[in-house]
Amino acid sequence: MTGRAFIPLIPLLNTRVASSRAYATGNEPHTPPTGHVADKLGRPLRDLRISVTDRCNFRCTYCMPKEVFDSGYRFLRHADLLSFEEIARLARIFVSHGVEKIRLTGGEPLLRKDLHKLIAMLASVKTRDGTDVDIALTTNGSVLARKAQQLAEAGLKRITVSLDGLDDAIFRRMNDVDFPVRDVLNGIDVAAAAGLAPIKINMVVKRGVNEHEVVAMARHFRGTGHIVRFIEYMDVGTSNRWRMDEVVPSAEIVQLLAHHFDLDPVEPNYSGEVAERWRHRDGSGEIGVISSVSHAFCRACTRARLSTEGKLYLCLFAGLGHDLRTLLRGSELQPAATDSQLEAAIGHIWRARDDRYSELRGPLTAPMPKVEMSYIGG
Ligand code: SF4
């Protein structure tokens, strides 16, 4: 600790968002982490999603519409991003509070240079009982074929690929950069060959755009071991002009699939799993549905999200992030925080958490400014 007095500081308000609750200054009373910290609804901190870039080479209409994220859009400067060392340091502290799974997201995480080096750092982090932290990554698959082997060798355990259709014209329209579907399919094959199987395939279903691709997706990946999850189109951020009548409820998707396949419901793998699971009766595989709109799962939500520039978000639909970077780096007004001060700050923030946006979604929440999904990852 330098000689300068430790001045309690209200963290910098993020210009991209609105209001919140418990600010942390790193001056909170420190109790050594116990591997278990619960929020106001009794939910433990188990999953950390880390956005490593706010940039993407796609312009998916439901996430990063071109008319907003155009050539004039100001993305973060490199100096604003957390370094790999800063991310790994924060990850260790989150793990000390009970995090068991770390998912790397973006934007498109594979656009971040040398990402395998970060994965190797995270792969060396152990939970309190000495087990490996489960490192996963979500990608649009555009450069996966080139990177899969390196990622697997660095310690990546699991991968999820976003794929919104098999029909090339529909896929190109949804990514809105004319990117061919065959390259993503090839990336999936290369990743599987590199040992990252089974791969989860996430398809966002938007009525009037790609719902007629649902059966084809289920048929294509049946028997491959990969698991397709159909995701309800969500009102993330404030850019995608979301409308409820463009949502295809999961019940409708399961009904549609049941016309074509013999499916049986399956118990979740663990408490808090977001996907509802269904298995092909002949054992040829599994599909899932993720129902944030029609069937909120906030009561079991154990996820925290760290933005690319070090803001901690407690919900995908949050209005504000807690500035951990200033605590990490210090400022004119305060020295950089120690590990125990960061532990105290993160514990303090999580304990004050009561987010449950999907349960509250409606006229009251509609006007709320929300952080962009491309900034904190899905
Ligand atoms: S809406 Fe927020 S609290 Fe609810 S499940 Fe999603 S991220 Fe968790």
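The structure presented is a predicted model; accordingly, all values stated were derived computationally and were not measured.

(A) A look at the overall build of the chain. Within the chain, the secondary structure is distributed over 11 helices and 12 strands. For 378 residues, the compact-globule estimate of 2.2 N^0.38 gives 21 Å, and the C-alpha radius of gyration of the chain, at 20 Å, lies within 12% of that figure. Taken along the three principal axes of its C-alpha coordinates, the chain extends 70 × 45 × 40 Å. Here the chain, with 378 residues, has 58% of them falling under the buried criterion. Taking all contacts inside the chain whose residues are at least 6 apart in sequence as the whole, residues at least 24 apart take part in 73%. Counting every atom, the chain has about 16,000 Å² of accessible surface; 54% of that belongs to carbon and sulfur. In the chain, which carries 50 positive and 46 negative side-chain charges, the distance between the mean positions of the two groups comes to 3 Å.

(B) Main features of the sheet that holds strand β1 (residues 47–51). Pairing in this open sheet of 12 strands is mixed, and the strands run β7-β8-β9-β6-β5-β4-β3-β2-β1-β10-β11-β12 from one edge to the other. The open sheet is flanked by β7 (263–266) and β12 (322–323), the only strands paired with a single partner. With respect to the sheet, helix α1 (residues 84–96) is in contact with β1, β2 (101–105), β10 (303–306) and β11 (311–313), its orientation differing from that of β1 by roughly 165°. Against the sheet, helix α7 (residues 250–258) contacts β5 (200–205), β6 (227–232), β7, β8 (276–280) and β9 (286–290), and its axis sits at roughly 155° relative to β9.

(C) Representation of the site of the ligand in the model. As a matter of local geometry, the ligand sits amid 13 residues, with Cys298, Cys301, Cys315, Leu316 and Ser358 nearest to it. Broken down by secondary-structure element, the contributors of at least two residues to the shell around the ligand are β10 and α10 (357–360). Across the shell around the ligand, the residue classes break down as seven nonpolar, one polar and five charged.

(D) Molecular detail of helix α6 (residues 214–221). Buried residues of α6: Val214, Val215, Met217, Ala218 and Phe221, and no others. Buried residues of α6, viewed axially, fall in a sector of 160°; they line one side. Next to the buried residues of α6 lie α5 (181–196), β5, β6, α7 and β9. At the exit of α6 stands Gly223, carrying a positive phi of roughly 85°.

(E) How the structure looks around the environment of Met373. Counting through the fold element by element, Met373 comes out in helix α11 (residues 373–376). Distance in space between the C-alpha atoms of Met373 and Gly310 is 15 Å, their sequence separation being 63 residues. In this structure Met373 touches Tyr62, Cys63, Gly106, Val236, Leu316 and Gly378, once residues within four positions along its chain are discounted.

(F) Representation of the confidence of the model for the chain. Mean pLDDT for the chain: 92, with 93% of residues reaching 70 or above. In the model, residues 1–21 has pLDDT below 50 throughout and makes 59 contacts with residues more than four positions away in sequence or in other chains.

What counts and what doesn't
Along each chain, numbering runs from 1 in the same order as the chain's sequence is written. Residue-level local features of this predicted model are given only where pLDDT is at least 70; pairs of side-chain atoms are given and counted only at 80 or more, and the full residue set underlies all totals for whole chains, interfaces and linings. Calculated side-chain values reflect all of the structure's heavy atoms, with hydrogen atoms and water omitted. Segments assigned H or I by DSSP are reported as helices when at least four residues long, segments assigned E as strands when at least two residues long, and all are numbered from the N terminus. The globule rule used for comparison is 2.2 Å times the number of residues to the exponent 0.38, while the radius of gyration itself is calculated over C-alpha atoms. Only protein chains enter the area calculation, which uses a 1.4 Å probe; residues under 20% of their type maximum are buried, those over 50% are exposed, and those in between are partly exposed. Whether two residues are in contact is decided by their heavy atoms, any of which lying within 4.5 Å being enough. Surface accessibility follows the Shrake-Rupley procedure with a 1.4 Å probe radius. Residue values consider only the protein chains on display as shielding. In this charge count, Lys and Arg are treated as positive and Asp and Glu as negative; neither His nor the chain ends contribute. Every charge is mapped to an atom, namely NZ of Lys, CZ of Arg, CG of Asp or CD of Glu. For two strands to be treated as a pair, DSSP must find no fewer than two bridges joining them. For helices, the fitted axis covers only the stretch in contact; all axes are lines through C-alpha atoms, and the angles between them, taken along N-to-C directions, range from 0 to 180 degrees. It suffices for a single heavy atom of a residue to lie within 4 Å of a molecule or strand for the residue to be listed as near it. Polar here means any residue other than Ala, Val, Leu, Ile, Met, Phe, Trp, Tyr, Cys and Pro, which are nonpolar, and Asp, Glu, Lys and Arg, which are charged; Gly is therefore polar. Starting at the helix axis, one direction is taken to each C-beta atom, and the arc is that of these directions. You can read pLDDT as the predictor saying how much it trusts each residue, on a scale of 0 to 100.

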